[in-house]
Amino acid sequence: MTTLNSKDLVKRGAIWAFIAAELAFFSIAGQFLSGSDSNFLDPGNMLLLLKQSAPLGIIALGMTIIMINGNIDLSVGATFALAGVVLLDSLSWPFMEDLGDWAIPLAWMFALLTGMVLGAINGLIVWKTGVDAFIVTLAAMLGYRGLVFMYNGEQPTSNMNWTLVDFAEAQFLGVHTPTWFLLGTAVVLWLLMTRTVHGRNAYAIGDNREAAVNAGIRVGPHILWNFVLIGFLAALSAVVFFSESGSVNPNDGMLFELWAITAVVLGGTKLAGGYGSIISTLGGVIAIQLLRKGLGHIGADTQTVNLVIGLILIAVLILDRHLNRKGKEELKI
Amino acid sequence: MTGMTRKDVGTFIAKQGILIAFVIFMIGFAMANQRFIQIDNISGVIRSSAILGVMALGVTFVVIGGNLDLSVGSMMSFSTIVVLDLHDKIGPALAIPAMFALTLALGAFIGLLVGYLRLNSLIVTLGMLSAIHGLTLTWSGGKNMDIENKATTWFWFFGQDRILNIPVPILIFAVLAVVLGLLLAKTPFGRKVYAVGGNDQAATFSGIPRARVVFMTYIISAFCVATAGLLQASRSMGSQNNVGQGMELEVLAAVILGGASLMGGAGTVFKTVIGVLILGFIQNGLLLMGMDFYVRYMVTWAIIILAVWLDVAAKRGRLWSPIA
């Protein structure tokens with residue numbers, strides 16, 4: 001893969017071209033349709049947009065690895081909610097209150113550990129039972145949601161810690177804390193997928209699991225680690241989001257998995273595994289957030305966002321089909 | 001039983017695991033609480049499972065055909081909202097067929113994309129989940145829908161009436177289950193659905209029109225969703241925009257619990273009904289035992305994984321996965 005042919009360039013550039021088109025459309029259409037005077041391309045607006053993409057983005061980046069692996073994780077929304085509950089609830093435990101502000105890093109650790117444990121449970125089941133990840137995580141989506149409800153019934157879990165809120169709303173070099181987390185995650189995962197053995201194995205397993213086994217890759221532990229990783233990232237996303245909002249509703253994060261998968265697919269990652277890129281997923285996340293914000297900016301009903309994103313997803317699939325029409329699996333009827 | 005080796009017993013348990021589990025659960029719940037096996041309780045459980053069940057019947061066809069349908073939940077919200085809205089505008093006699101037509105059109109669109117254009121069903125229906133939700137919100141303007149004059153309409157019949165003392169939702173669920181069960185098990189079309197789901201290419205080479213068969217499975221699914229929307233609307237006579245949200249995955253859970261393989265080619269309508277009933281009775285049994293409502297989520301989690309695990313284990317002949 002040292003030389004990129006033109007088709008690859010088209011595929012990798014597509015999401016960025018789409019983002020550029022969105023930017024152009026919304027800033028021009030905004031001139032005529034927007035009620036507000038502010039420019040859509042205003043740097044403040046763009047920074048806010050990045051900040052708002054962080055919670056979904058961090059999960060979608062992890063989902064990319066799972067999907068390159070040829071698996072899927074439908075339980076990330078529930079993991080997100082449970083990690084949020086642990087984060088906020090642990091701050092009010094008696095021994096934590098004695099610690100003052102030192103309780104915060106500890107609460108983060110508890111939340112992240114929760115995510116890693118939930119991910120490990122999924123990964124172990126996938127590895128040891130050989131049941132498809134789709135089914136394992138579908139069931140876990142219900143099970144983990146049950147754990148969320150167990151914590152506090154249908155009541156929200158709230159804990160406003162102003163140190164925490166200040167941290168989450170802080171800006172370093174003009175960029176918000178959640179954005180730094182998103183960018184940091186993207187860099188680390190990009191390095192992981194392009195520069196390490198683990199990353200290479202992830203592609204190999206997704207491309208052809210049997211060949212990977214024959215090549216001596218230990219597929220089981222590899223899959224387990226990836227599920228631990230996405231559990232960790234779902235919890236990290238919760239840490240970033242709930243530190244600021246200070247309140248978890250037991251239904252929070254529902255359908256998050258589907259939005260994350262949408263972002264990953266928009267970025268061009270293949271459901272069948274073996275192909276995909278972290279950076280393109282970042283593009284997919286930004287494209288979705290742009291659409292949400294842009295439609296609001298030009299005064300469209302927020303309800304149309306769902307409609308538009310759904311249709312775009314299908315359009316991407318049709319386009320992709322045409323770009324990839326290369327004999328292999330085609331059997332036209 | 002002398003002729004059976006240990007392995008035979010294992011295979012038998014694994015194959016009939018779902019029925020065995022069902023029986024054990026029923027006996028356990030019945031011993032724990034007498035109320036559980038009373039007729040009115042049983043009929044109550046089946047009635048409240050009917051909406052999920054009707055949707056699961058349709059999804060069974062899609063899954064056996066080797067595809068997925070994640071859009072049924074949001075499509076059910078759409079049907080419910082549309083029929084409630086049209087009820088006040090053109091009357092129930094016209095609103096119901098109009099709603100069925102619109103829902104079937106959505107199903108046809110999905111069938112076109114997945115069947116004829118051969119797009120990935122997971123992503124198409126994921127996109128449709130979102131798109132139809134948007135459509136519903138646009139239709140209702142984001143507001144809840146309510147029937148204005150609840151006293152004078154006969155619309156409540158489908159969700160609330162009884163015939164021969166049997167609740168109508170149960171009757172509809174039962175009739176649909178029998179009809180679709182026969183369609184799947186006893187007709188050439190049914191055999192084609194299995195063939196397409198089992199081996200796409202082989203089916204094509206033996207002259208089965210794959211595209212048309214897949215298209216039809218989505219039409220059947222949409223028909224079931226429309227029926228479920230009708231039951232929902234008629235039961236509550238008013239609805240929020242997201243009444244079916246999240247049901248797509250519960251429906252899928254019931255279908256998988258019934259033993260349909262996500263790879264396609266396996267499953268039956270009868271087993272899906274069992275899957276639906278297991279979910280319903282477990283929910284009810286746990287509540288009667290005084291458990292909190294969330295316990296059922298965790299029990300469902302364990303049951304789905306155990307059920308599929310046993311199934312997979314029976315097929316490969318060993319309990320643990322051979323993955324290194």
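Residues numbered from 1 in each chain as written. Chains lettered and ligands numbered in written order. Predicted model: local features only at pLDDT ≥ 70, side-chain atom pairs only at ≥ 80, totals over all residues.

### Re the overall build of chain B
Okay, step 1: Counting its regular elements, chain B contains 14 helices and four strands.
Okay, step 2: Its C-alpha atoms give chain B a radius of gyration of 20 Å, near enough to 20 Å, the size a compact globule of 324 residues would have.
Okay, step 3: Across chain B, every contact between residues at least 6 apart in sequence was considered, and the portion connecting residues at least 24 apart equals 78%. (Helix = DSSP H or I, 4+ residues; strand = E, 2+ residues; numbered from the N terminus. Rg over C-alpha atoms; globule rule 2.2 N^0.38 Å. Contact = placed C-beta atoms within 7 Å.)

### Quick look at the overall build of chain A
Okay, step 1: When helices and strands are counted, chain A shows 14 helices and four strands.
Okay, step 2: Considered along the principal axes of its C-alpha atoms, chain A spans approximately 65 × 60 × 35 Å.
Okay, step 3: For chain A, the residues scored as buried account for 47% of the 333 residues in total.
Okay, step 4: Considering only intrachain contacts with a sequence separation of at least 6, the fraction spanning at least 24 residues in chain A is 79%. (Buried ≥ 20, exposed ≤ 12 C-beta atoms within 10 Å, placed from the backbone.)

### Structural notes on the interface of chain A and chain B
Okay, step 1: Contacts between the two partners involve 46 residues from chain A and, on the opposite side, 45 residues from chain B.
Okay, step 2: Of all elements in the fold, only α5 (103-129), α6 (133-152), α11 (219-245), α12 (256-266) and α14 (303-323) of chain A reach the threshold of two or more residues within the side of chain A that touches chain B.
Okay, step 3: Taken together, the residues that form the side of chain A that touches chain B break down as 30 nonpolar, 10 polar and six charged. (Nonpolar A, V, L, I, M, F, W, Y, C, P; charged D, E, K, R; others polar.)

### Looking at the environment of V148 of chain A
All names here are of chain A.
Okay, step 1: Tracing the backbone through its elements, the reader meets V148 in helix α6.
Okay, step 2: Each C-alpha atom of the pair V148 and E169 lies 26 Å from the other, and the pair is 21 residues apart in sequence.
Okay, step 3: If sequence neighbours within four positions are ignored, V148 has contacts with A78, A81, L82, V85 and P250.

### Some remarks on the packing of helix α3 (residues 76-90) of chain A against α6 of chain A
Helix packing for two helices is described by the angle between their axes and how far apart those axes are.
Residue and element names in this part refer to chain A.
Okay, step 1: One can describe the packing of α3 onto α6 by two numbers: an axis separation of 8 Å at closest approach and a directional angle of 25°. Comparing the axis directions of α3 and α6 gives the class roughly parallel. With respect to the hand of their crossing, α3 and α6 are arranged in left-handed fashion. Residues G77, A78, T79, A81, L82, V85 and D89 of α3 touch α6, and the partners they reach there are M141, Y144, R145, L147, V148, Y151 and N152.
Okay, step 2: Of the residues assigned to the contact of α3 with α6, the class counts are nine nonpolar, three polar and two charged. (Axes fitted to C-alpha atoms, helices over the stretch in contact; angles between N-to-C directions. Parallel < 35°, antiparallel > 145°, perpendicular 65-115°, else oblique. Left-handed = near helix turned anticlockwise from the far one by under 90°.)

### A few points about the nonpolar core
Okay, step 1: Counting residues in each nonpolar core, the largest one holds 202 residues, and the members touching the most others are I59, V239 and A260 of chain A together with V54, M55 and I304 of chain B.
Okay, step 2: Of the residues forming this core, the biggest block, 16 residues, is contributed by α11 of chain A.
Okay, step 3: Sequence-distant contacts of I59 of chain A, defined by excluding residues within four places in its chain, comprise V76, F80, L233, A234, S237, F256 and A260 of chain A. (Core = buried A, V, L, I, M, F, W, Y, C linked by C-beta atoms within 7 Å.)

### A few points about helix α2 (residues 43-68) of chain A
An α-helix turns once every 3.6 residues. As a result, residues three or four positions apart point the same way.
Okay, step 1: For α2 of chain A, the principal kink sits at A54 of chain A and spans about 50°; a proline, P55 of chain A, occurs within the next four residues.
Okay, step 2: After α2 of chain A finishes, the residue G70 of chain A shows a positive phi value of roughly 85°. (Bend = angle between axes of the 7 residues up to and from the residue.)

### Details of the confidence of the model for chain A
Okay, step 1: Of the residues in chain A, 92% reach a pLDDT of 70 or more, and the chain-wide mean stands at 83.
Okay, step 2: Note that residues 326-333 of chain A has pLDDT below 50 and, in this model, seven contacts with residues that lie over four places away or in other chains. (pLDDT = per-residue confidence, 0-100.)

### Focus on the packing of α3 of chain A against α5 of chain A
Residues and elements named next belong to chain A.
Okay, step 1: Where α3 contacts α5, the two axes come as close as 8 Å, and the packing angle between them is 155°. By the angle class used here, α3 and α5 are roughly antiparallel. The two elements α3 and α5 cross, and the hand of that crossing is right-handed. Touching T79, L82, A83, V86, L87 and S90 of α3 are A107, W108, F110, A111, T114, G115 and L118, all from α5.
Okay, step 2: Considering only residue class, the contact of α3 with α5 consists of nine nonpolar, four polar and no charged.

### Describing helix α13 (residues 278-297) of chain A
Residue and element names in this part refer to chain A.
Okay, step 1: With 20 residues, α13 should reach 28 Å at 1.5 Å per residue; the first-to-last C-alpha distance of 28 Å fits that figure.
Okay, step 2: Burial analysis of α13 places 16 of its 20 residues in the buried class, the great majority of the element.
Okay, step 3: Following α13 by one or two positions, G299 has its phi on the positive side, about 85°. (Expected span 1.5 Å × (residues − 1).)

### Some points on the environment of M116 of chain A
Residues and elements named next belong to chain A.
Okay, step 1: Of note, M116 is situated in helix α5.
Okay, step 2: For M116 and V228, which are 112 residues apart along the polypeptide, the C-alpha to C-alpha distance reads 4.9 Å.
Okay, step 3: Residues within four places of M116 in sequence aside, it is in contact with V228, G231 and F232.

### Overview of the environment of L104 of chain B
Residues and elements named next belong to chain B.
Okay, step 1: The topology assignment puts L104 in helix α5 (residues 92-116).
Okay, step 2: On the basis of neighbour counts, which here come to 18 C-beta atoms within 10 Å, the residue L104 falls in the partly exposed class.
Okay, step 3: With 42 residues separating them along the chain, L104 and D146 place their C-alpha atoms 23 Å apart.
Okay, step 4: In this structure L104 touches I219, A222, F223 and A226, once residues within four positions along its chain are discounted.

### Looking at unusual backbone geometry
Residue and element names in this part refer to chain B.
Okay, step 1: The phi dihedral of R118 falls on the positive side, at around 55°, and the residue is not glycine.
Okay, step 2: Structurally, the position occupied by R118 is in the loop between α5 and α6 (121-140).
Okay, step 3: Owing to 18 C-beta atoms within 10 Å, R118 belongs among the partly exposed residues under this scheme.

### Things to note about the confidence of the model for chain B
Okay, step 1: Across chain B, pLDDT averages 85, with 96% of residues at or above 70.
Okay, step 2: Across chain B, helix α11 (residues 210-236) of chain B holds the top mean pLDDT of 93, while helix α1 (residues 6-15) of chain B sits lowest at 68.

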